[in-house]
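# Breakdown of the fold
Chain by chain, the residues:
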Amino acid sequence: MSSLTKDHVLEALRTVPDPRGGGDLVSTGAVRSAAACDGFISVGLALAEGEVHEVRARVDSAVRQRAASLGAPVRQLTIERAASTVRQPEGVPMKQGASSPTVKSGSAQPGSPSVRARHIIAVGAGKGGVGKSTVSVNLAVGLARAGHSVGLLDGDIYGPSVPTLMGLDGQDAQMRGTMLQPFIAHGVRTMTIGKLVDPEKPLIWRGPMAHGAFKQLVEQTSWGELDYLIVDLPPGTGDVSLTMAQMLAVSGAVIVCTPQRVAQDDAVRAARMFQALNIPVLGVVENMSYFVGDDGKEYDLFGRGGAEQMAQRLGLAFLGGVPIHTALRVSSDAGDPTANFTGGAALRDALERMVRRVEDEVALASLRSGAGGPVLTVS
Ligand code: ADP
């Protein structure tokens with residue numbers, strides 16, 4: 001039996017006029033996300049609530065007709081209002097529940113009542129230095145730029161990079177009562193142990209202390225309501241991942257890998273760890289996939305496609321490649337990830353593609369697990 005793909009869904013959406021006029025839903029950019037897997041289909045529309053209501057029946061019938069023409073089953077079809085693509089001004093606290101009414105309270109398990117996040121995404125890597133924190137930061141900033149309310153938890157308690165990557169140098173930690181206030185930078189609510197300890201002090205944690213440090217960052221931060229919480233994990237397969245899995249209802253994990261064979265081997269171990277912890281793996285990002293020179297040409301340095309092939313081998317989704325780019329290194333050192341989305345097209349396009357792929361995979365993971373609970377569900 002054939003199954004519906006994302007392209008089929010987009011084909012169907014091209015037959016539905018945008019209620020605001022100007023063409024079909026795809027050509028006007030009203031389709032924020034579309035995903036299909038095993039008969040679970042999700043469509044996110046960047047429209048006002050009334051407009052979604054107006055087109056819902058047509059979208060539903062267009063997708064079902066396309067599925068019927070292929071003889072493909074529709075197990076669940078979700079049409080929801082996605083946040084608009086308007087950029088949130090930097091430094092302004094995100095609107096509570098930007099894409100509400102889909103904000104779901106208490107998706108974290110009991111024991112972590114301070115996190116009310118619709119989706120929690122862990123970012124892991126088999127080894128250090130592959131760009132895990134860089135991907136976490138740019139994923140968080142990209143989602144915030146897409147209008148979501150986003151938190152970034154620097155779970156890499158052994159080597160926190162987030163203070164530098166997010167440019168938190170000028171900000172001091174603030175307490176209100178017994179709760180830490182998240183740092184707000186690039187439209188993202190951020191917490192990191194790197195701002196709570198002496199930056200030059202070695203961070204040595206025994207197992208139980210690592211557990212306690214992570215738990216405190218989660219529970220003693222006033223996160224507010226979030227669409228996404230991104231958790232930047234330490235490299236490898238250690239205590240913090242275990243603590244996270246016990247404390248938080250994680251929607252899925254993103255694995256960051258460079259193309260080389262040694263990085264792939266470790267990434268496979270990371271994937272197996274998430275599976276053992278019952279955390280679905282959303283897919284693999286290939287960082288340092290290729291080099292973009294000043295001449296704009298792409299050069300293959302490390303064996304482009306290696307991580308993609310690994311993802312295929314493991315049956316995991318490929319979430320895109322991020323090039324090695326001098327501009328990315330410079331903006332990371334300067335703590336200015338926003339520059340990655342406002343500068344050259346090569347970097348911006350790669351990062352925006354990755355953000356969209358992650359959004360799609362999270363939507364599917366929520367459907368499969370029956371979580372997420374968007375209100376505009378038809379089945
Ligand atoms: P990890 O979290 O895996 O240890 P980081 O994200 O801290 O790795 O990245 C290590 C260094 O490599 C940082 O200085 C970062 O700016 C740089 N870097 C990561 N990815 C890229 C890239 N695609 N292009 C250029 N520099 C990168």
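Residues numbered from 1 in each chain as written. Predicted model: local features only at pLDDT ≥ 70, side-chain atom pairs only at ≥ 80, totals over all residues. Heavy atoms only, no water.

## Here we look at the pairing of strand β1 (residues 31–37)
Counted only if it meets this: Accessibility here uses a 1.4 Å probe with only protein chains present; expressed as a share of the type maximum, an area under 20% marks a residue as buried, one over 50% as exposed, and anything in between as partly exposed. The helix and strand labels rest on DSSP assignments: H or I over at least four residues marks a helix, E over at least two residues marks a strand, and numbering proceeds from the N terminus. Between any two strands, at least two bridges found by DSSP are needed for them to pair.
Within β1, 6 of the 7 residues are buried, which leaves the element mostly enclosed by the surrounding structure. The turn joining β1 and strand β2 (residues 40–45), which pair antiparallel and follow one another in sequence, is formed by 2 residues; a positive phi near 50° is taken by D38.

## A short note on the nonpolar core
Rule in force here: What we call a nonpolar core is a set of buried Ala, Val, Leu, Ile, Met, Phe, Trp, Tyr and Cys residues that are connected through their side-chain atoms within 4.5 Å. Whether two residues are in contact is decided by their heavy atoms, any of which lying within 4.5 Å being enough.
Counting 79 residues, the largest nonpolar core has I230, M244 and F274 as the members making the most contacts within it. Beyond its immediate chain neighbours, meaning those up to four positions away, M244 contacts A122, F214, V231, L233, V250, F274 and I279. Of all hydrophobic cores here, the second largest spans 24 residues; its members include A36, I41, V59 and I79.

## A closer look at the packing of aromatic side chains
Our working definition: Within 6.5 Å between ring centres, the rings of Phe, Tyr and Trp (the latter by its six-membered ring) count as paired, and their orientation is classed by plane angle as stacked under 30 degrees, edge-to-face over 60, tilted in between. Charge over a ring is defined by NZ of Lys or CZ of Arg lying within 6 Å of the ring centre and within 35 degrees of the ring normal.
Scanning the model with the defined rule gives 1 aromatic pair in all. Ring geometry for F291 and Y299: centres 6.2 Å apart, planes at 40°, overall tilted. Lying across the ring of Y290, R304 places its NZ or CZ 3.7 Å from the centre.

## Topic: the confidence of the model for the chain
For clarity, the cut-off: Think of pLDDT as the predictor's per-residue confidence, scored from 0 to 100.
Scored by pLDDT, the chain has a mean of 83; 85% of the residues are at 70 or more. For the chain, the element scoring lowest by mean pLDDT is strand β15 (residues 377–378), at 36; helix α3 (residues 132–145) scores highest, at 97. Contacts of residues 84–112 to residues separated by more than four positions or lying in other chains number 77 contacts, the stretch itself having pLDDT below 50.

## Side note on helix α2 (residues 49–70)
Put simply, the test is: To estimate the expected span of a helix, count its residues, drop one, and scale the result by 1.5 Å. One fitted axis covers the seven residues ending at a residue, a second covers the seven starting there, and the bend at that residue is the angle between these axes.
With 22 residues, α2 extends 31 Å from end C-alpha to end C-alpha; this agrees with the ideal 32 Å at 1.5 Å per step. Largest kink in α2: about 45°, centred on V55. Those residues of α2 that fall on the buried side of the exposure criterion are V52, V55, R56, V59, D60, A62, V63 and A67. Among the residues trailing α2, G71 stands out with phi positive, at a value near 70°.

## Structural notes on the packing of helix α7 (residues 261–276) against helix α8 (residues 306–314)
For clarity, the cut-off: Helix axes are fitted only over the stretch in contact, all axes being lines through C-alpha atoms; the angle between N-to-C directions runs from 0 to 180 degrees. Two helices crossing with the near one rotated counterclockwise from the far one by less than a right angle form a left-handed crossing, whereas a clockwise rotation gives a right-handed crossing. Each residue is assigned to one class: nonpolar for Ala, Val, Leu, Ile, Met, Phe, Trp, Tyr, Cys and Pro, charged for Asp, Glu, Lys and Arg, and polar for all the others, Gly among them.
The interhelical angle for the contact between α7 and α8, taken along N-to-C directions, is 35°, at an axis separation of 10 Å. Of the two elements, α7 crosses α8, and the hand of that crossing is right-handed. Facing Q264, A267, V268, A271 and R272 of α7, the residues of α8 in contact are G306, A307, M310, R313 and L314. Of the residues contributing to the contact of α7 with α8, the split by class is 6 nonpolar, 2 polar and 2 charged.

## Observations regarding the site of the ligand
So the rule is basically this: The rule for a residue being near a molecule or strand is that one of its heavy atoms must lie within 4 Å of it. Polar contacts, as used here, are pairs of N or O atoms within 3.5 Å; protein pairs need one atom able to donate a hydrogen and one able to accept it. Residues neighboring in sequence count only if both atoms are side-chain atoms. Note that accessible areas follow from Shrake-Rupley with a 1.4 Å probe, and for residues the cover is restricted to the protein chains shown.
Taken together, 16 residues lie near the ligand, and G129, K132, S133, T134 and P323 sit nearest. Interatomic distance of 2.8 Å between a backbone N/O atom of G131 and an oxygen atom of the ligand. Between the ligand and the protein, one listed contact pairs a nitrogen atom with a backbone N or O atom of P323 at 2.8 Å. Out of a free accessible area of 560 Å², the ligand has 81% covered by protein chains.

## Quick word on the pairing of strand β3 (residues 76–81)
Filter applied, for reference: A crossover gets the label right-handed when its path from the first strand over the helix to the second runs clockwise, viewed with the strands pointing away from the viewer.
The pairing of β2 with β3 spans 6 bridges and is parallel. The partner of V43 across the bridge, within β3, is I79. Crossover β2 to β3 through α2 is right-handed.

## With respect to the environment of S3
Following the sequence through the fold, S3 ends up in the segment before α1 (6–13). Since its relative accessible area comes to 38%, S3 is described here as partly exposed. With 69 residues separating them along the chain, S3 and A72 place their C-alpha atoms 4.7 Å apart. Residues within four places of S3 in sequence aside, it is in contact with H8 and A72.

## Quick look at the pattern of salt bridges
Put simply, the rule reads: A pairing counts as a salt bridge when a side-chain nitrogen of Lys or Arg comes within 4 Å of a carboxyl oxygen of Asp or Glu.
All told, the structure shown has 15 salt bridges when counted by the stated rule. Salt-bridge contacts for K132 lead to D156; the nearest nitrogen and oxygen are separated by 3.5 Å. Highlighted residues: K132 in helix α3 and D156 in the loop between β5 (150–154) and α4 (162–165), separated in sequence by 24 residues. Exposure remark for K132: the relative accessible area of 6% places this residue in the buried category. Two residues, K215 and E219, come together in a salt bridge whose shortest N-O distance is 3.4 Å. Residue K215 and its partner E219 are located together in helix α5 (residues 207–219), separated by 4 residues, close to a single helical turn. According to the relative accessible area criterion, K215 is partly exposed, its value standing at 31%. Here the salt bridges do not stand alone but share partners, grouping K127, D266 and R269 into one network.

## A closer look at unusual backbone geometry
Even without being glycine, N278 reaches a positive phi, approximately 60°. Among the secondary structure elements, N278 is positioned in the loop between α7 and β12 (281–292). Residues other than glycine seldom take positive phi values, yet M288 does so here, at roughly 55°. With respect to the element layout, M288 can be found in strand β12. Judged by relative accessible area, which is 24%, M288 ranks as partly exposed.

## Section: the environment of S136
Topologically, S136 is positioned in helix α3. Along the primary structure S136 and L233 are separated by 97 residues, whereas in three dimensions their C-alpha atoms are 9.2 Å apart.

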